[in-house]
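Chain residues, written in single-letter form:
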Amino acid sequence: MAWFSKLFKKKEENTEENKVAELESSEALESETEDSESTVAEVTETLAKAPESPEKDPAESAETEASAFGSGSEVSQSEDTEAEKEEEKAEEEKPAKKPGFFARLKQGLKKSRDNFVYNLDIVFNGAEEIDDDFYDSLEEIMIMGDIGVETSTMILDNLKKHVKEQKIVKPPECRELLIEDIKAAMALPEDAYKLETDKSIVFVTGVNGVGKTTSIGKLAASFKAEGKSVMLAAADTFRAAAGEQLKIWSDRAGVPIIGGREGADPSSVLFDAVQAAKARGTDILLVDTAGRLNNKKNLMNELAKMNKVIDREYPEAHRENLIVLDATTGQNALRQAEDFNEVSSLTGIVLTKMDGTAKGGIAIAIQAKLHIPVKYIGVGEHIEDLQKFDPDSYVRALFDRSDDGEDEEIKEQE
């Protein structure tokens, strides 16, 4: 057991030595820490007391700080990224440039151009000679394009006359002649827009759903933009909420409105509006009239009564009777114009919804058959989408099968 006692004794000695070594090591570490803290404090105090070096480049300093403290650089970079994102978002949200009116009109006539005009061109380019079959094919296509039998016959009679006079023998040469004959059938009278130059009272009629109230609001905004003073009269007192709808448009256009309660006598509303228009020197009084009463007789009697009010109270005012027609309804629009013309002697047409689904031939049929000019045409929902009707632009937009609507509009403006 002697070897065990010696080993145990030696182990105790080693343990004591280890404790002493650890104690000495700990004291040395504490001493080093105190020395380090003292050194840091001295360096900090020295730096604080030291003057700023004039030779130090600020950019260099910023670069050094940025490298030493990466978070500042990251924040700046993050801010730049956010700014770029905001700019990109704003660019994306920026409204696209709206096409001009001619381009929108051309787009609105696309359905007619792709069918009606396309089929006409097949006949012009495919026929071998100008004969009865050639004219019969043209007539069939024109009738299907909502131009109607009577109007198609009239236009083709003129075409035959011009072909004979000019001794034309090739079918393709008839295309331009047909276009010119259609333009002639849609020509506007010289005083078509007298309502915009004289003190005027404009009755606006039309069945429900054609856009009558909307058209009145757009006309009011258009006239006001031209410097005219405008007033609205809510005389369609038979249709529920008609007055409220017209009030919304009067607010949008920024023009005054005279109205009455639902079911009130339209003539009494008109009387108040006429008195107000005279007192204020209003240029144009737009009157929203009943779209349809129980029958034609009631409608005729109501309009006759309203006209008597004007005859008595404002006889010097220029009169207009406009009807609003939905171009998408085709021959139904023609029948509506015929019905209203019997009771109110229409002086002009406002053709709406010419924005993609309409058959463009209806404008030709109405004007040629009834001799009532289309005065305004709508190609969209915005206020500026209702403008004066130009037969040349309309026919050009209808027959131009190229895709350069904007270029054509620029040439037209030049």
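See the structure above.
In this report, the structure presented in the accompanying data block is examined. Bear in mind the structure is a predicted one, so any value in this text is a computation, not a measurement.

So, helix H14 (residues 361-370)
Piece 1. Burial runs high along H14: nine of the 10 residues are buried.
Piece 2. Those residues of H14 that fall on the buried side of the exposure criterion are Gly361, Ile362, Ala363, Ile364, Ala365, Ile366, Gln367, Ala368 and Leu370.
Piece 3. At the exit of H14 stands histidine 371, carrying a positive phi of roughly 60°.

Topic: the packing of aromatic side chains
Piece 1. Enumeration over the complete set of coordinates arrives at six aromatic pairs.
Piece 2. For the pair phenylalanine 116 and phenylalanine 399, a centre-to-centre distance of 6.3 Å together with 65° between the ring planes defines the contact as edge-to-face. Of this pair, phenylalanine 116 sits in helix H5 (residues 110-126) while phenylalanine 399 sits in helix H15 (residues 391-399); the two residues are 283 residues apart in sequence, bridging distant segments of the chain. Each member of the pair, phenylalanine 116 together with phenylalanine 399, is buried.
Piece 3. Plain terms: the ring middles of phenylalanine 124 and phenylalanine 134 are 6.1 Å apart, the flat faces sit at 55° to each other, and that makes the pair tilted.

Here we look at the pattern of salt bridges
Piece 1. Enumeration according to the criterion identifies 20 salt bridges in this entry.
Piece 2. With a shortest N-O distance of 2.6 Å, aspartate 114 and lysine 110 are connected by a salt bridge. One end of the pair, aspartate 114, and the other, lysine 110, are both in helix H5, four residues apart, so they sit about a helical turn from each other.
Piece 3. Assessed through its relative accessible area of 38%, aspartate 114 is described here as partly exposed.
Piece 4. With relative accessibility at 37%, the residue lysine 110 sits in the partly exposed group.
Piece 5. One salt bridge in this structure joins arginine 175 and glutamate 176, with 4.0 Å as the shortest N-O distance.
Piece 6. It is possible to trace a salt-bridge network through shared partners that takes in Lys212, Asp236, Arg239 and Asp288.

Considering the packing of H5 against helix H8 (residues 174-185)
Piece 1. Orientation of H5 relative to H8, taken along the N-to-C sense of each, is 140°, at an axis distance of 10 Å. It follows that H5 is oblique to H8 by the angle criterion. In this structure, H5 contributes Val117, Leu120, Asp121 and Phe124 to the contact, and H8 contributes Cys174, Arg175 and Leu178.
Piece 2. In terms of residue class, the contact of H5 with H8 is made up of five nonpolar, no polar and two charged.

Focus: the pairing of strand S7 (residues 374-378)
Piece 1. With five of its five residues buried, S7 lies for the most part within the structure.
Piece 2. Pairing of strand S6 (residues 348-352) with S7 involves three bridges; the strand directions are parallel. From the neighbouring strand, valine 350 faces S7, where its bridge partner is tyrosine 376.
Piece 3. Bridge analysis of S7 against strand S8 (residues 386-388) gives three bridges, and the strand direction is antiparallel.

About the cut-offs
- Per-chain numbering applies: the sequence of each chain, read as written, is numbered from 1 onward.
- With pLDDT at 70 or above as the cut-off, local features in this predicted model cover only qualifying residues; side-chain atom pairs require 80 or more to be listed or tallied, and sums for whole chains, interfaces and linings still use all residues.
- Side-chain measures were taken over the full set of non-hydrogen atoms in the model, leaving aside hydrogen atoms and water.
- Think of it in three bands: residues with accessible area under 20% of the maximum for their type are buried, residues over 50% are exposed, and the middle band is partly exposed, with areas taken using a 1.4 Å probe on protein chains only.
- By the criteria applied, helices consist of DSSP H or I runs no shorter than four residues and strands consist of E runs no shorter than two, each listed in order from the N terminus.
- Centre distance within 6.5 Å is the pairing criterion for rings of Phe, Tyr and Trp, where only the six-membered ring of Trp is used; planes under 30 degrees apart are then read as stacked, over 60 as edge-to-face, and the remainder as tilted.
- Whenever a carboxyl oxygen of Asp or Glu lies within 4 Å of a side-chain nitrogen of Lys or Arg, that contact is scored as a salt bridge.
- Lines fitted to C-alpha atoms define the axes, with helix axes restricted to the stretch in contact, and inter-axis angles between N-to-C directions lie between 0 and 180 degrees.
- Roughly parallel covers angles under 35 degrees, roughly antiparallel covers those over 145, roughly perpendicular covers 65 to 115, and oblique covers all other angles.
- By the convention used here, residues are in contact when the closest approach between their heavy atoms is within 4.5 Å.
- Residues were grouped as follows: Ala, Val, Leu, Ile, Met, Phe, Trp, Tyr, Cys and Pro as nonpolar; Asp, Glu, Lys and Arg as charged; and all remaining residues, including Gly, as polar.
- At least two DSSP bridges between two strands are required for those strands to pair.

By themselves, these observations are geometric and do not establish any function.
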